Amino acid sequence: MNLNQSKHNDLKKSEQNTVNSILNPKQKGFAAINGINIYYELYGNETGIPLVLLHGGGSTIESSFGKVIPILSKNHRIIAMEEQSHGRTSDRNAPLRFATSAEDVVGLLNFLKIEKADLFGFSNGASIAIHIAIKHPSRVRSLVFASSITKRSGAQQELWEFIKNSDFSQMSQALKDAFLKVNSDQTKLLNMHDKAKERMVNFTDIKDEDLKSLQTNTLILTGDRDVGKLEHSIELTKLIPKSRLIVLPYGHGDYMGEASSTKKETNVTEHTIGLIEEFLAGNIE
């Protein structure tokens, strides 16, 4: 979803938003999981509750979470990863799917010997996170579902038309730059774009009964001008039993300093992360 979030302003945004944050992981490497080599980074308090960060479609760790990690790593054990074909993670001879990426995340948790973690997914990363919570509920303590949808009707029809008719030239320049910063292979960038687009063209709904079965504490986080409809976020709070909703006065990713965002104010990101921290600490129930 993050891959094609704007029809008209990508070039203007990219001029204002280069990926220039400096991240210094305590550990980084690759894990051979389900036939691919998954790139991961570890940050923060090693004794803290593990928090897995799942980036948006077409993105990297840094482009989605470059502004977020320095704040969250003060109190959490951060596990950040790049999904199949994205950034430094290799590809497999199979389509990109949320369910497959969810199994990759569980595989990484097994590799790192982490039994249970909080999940913070942004955009397509949130779709991956909720698949994990449905399929592997014992592995998830709390879930932050940020700027995403569970059904096609949760977004405006024009989004789906744009995705269907878009091509590589319309991909956010900021996201192209972020990919090439960590992987200079232009053919892999194009491959990632095409696979991410195909996944969204073939987006399938999550069943309401699966959402109703969730017993994970869930924070639904969205902007009032996000890609998903506000009424869809409200609907999710009625479907997911232990859920709360926070609506911020921003667009897709603006509230967390995502690379394609035009919002540069540090206090916006800090305010958002403060709310997420309150939720993860159990102060928003």
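See the structure printed just above.
Residues numbered from 1 in each chain as written. Predicted model: local features only at pLDDT ≥ 70, side-chain atom pairs only at ≥ 80, totals over all residues. Heavy atoms only, no water.

1. Re the nonpolar core
Rule in force here: Throughout this description, the term nonpolar core refers to a set of buried Ala, Val, Leu, Ile, Met, Phe, Trp, Tyr and Cys residues connected via side-chain atoms within 4.5 Å. Burial classes follow relative accessibility: with a 1.4 Å probe on protein chains only, a residue under 20% of its type's maximum area counts as buried, one over 50% as exposed, and anything between as partly exposed. Contact between two residues is taken to exist if any of their heavy atoms lie within 4.5 Å; hydrogens are not considered.
Formed by 43 residues in total, the largest nonpolar core has its most connected members in V52, L54, L108, I130, I132 and L211. Those residues in contact with L108 that sit more than four places away from it in its chain are A31, I33, I38, Y40, I79 and M81. In this structure, I61, A146, M256 and I273 belong to the second largest nonpolar core, which totals 28 residues.

2. Remarks on the pattern of salt bridges
Quick reminder of the rule: The term salt bridge refers to a pairing of a side-chain nitrogen on Lys or Arg with a carboxyl oxygen on Asp or Glu at a separation within 4 Å. Numbering of helices and strands runs from the N terminus, with a helix taken as a DSSP run of H or I at least four residues long and a strand as a DSSP run of E at least two residues long.
Applying the stated criterion across every chain, the model contains 11 salt bridges. Its salt-bridge partner being E62, residue K181 comes within 3.4 Å of it at the nearest N-O pair. Of this pair, K181 sits in helix α7 (residues 173–182) while E62 is found in helix α2 (residues 61–65), placing the two residues 119 residues apart along the sequence. Residue R97 pairs with E198 through a salt bridge whose shortest N-O separation is 2.8 Å. Highlighted residues: R97 in the loop between β4 (77–81) and α4 (98–111) and E198 in helix α8 (residues 186–201), separated in sequence by 101 residues. A relative accessible area of 29% means that E198 is categorised as partly exposed.

3. Concerning helix α5 (residues 124–135)
Test applied: Working rule for helices: expected span equals 1.5 Å times residues minus one.
Between the first and last C-alpha of α5 there are 17 Å, a value that for 12 residues agrees with the 16 Å anticipated at 1.5 Å per step. Extensive coverage of α5 is indicated by the burial of nine of its 12 residues. Of all the positions in α5, only N124, G125, A126, S127, I128, A129, I130, I132 and A133 are classed as buried. Taken together, the buried residues of α5 touch β3 (50–54), α4, β5 (117–122), β6 (140–146), α8 and α9 (208–212).

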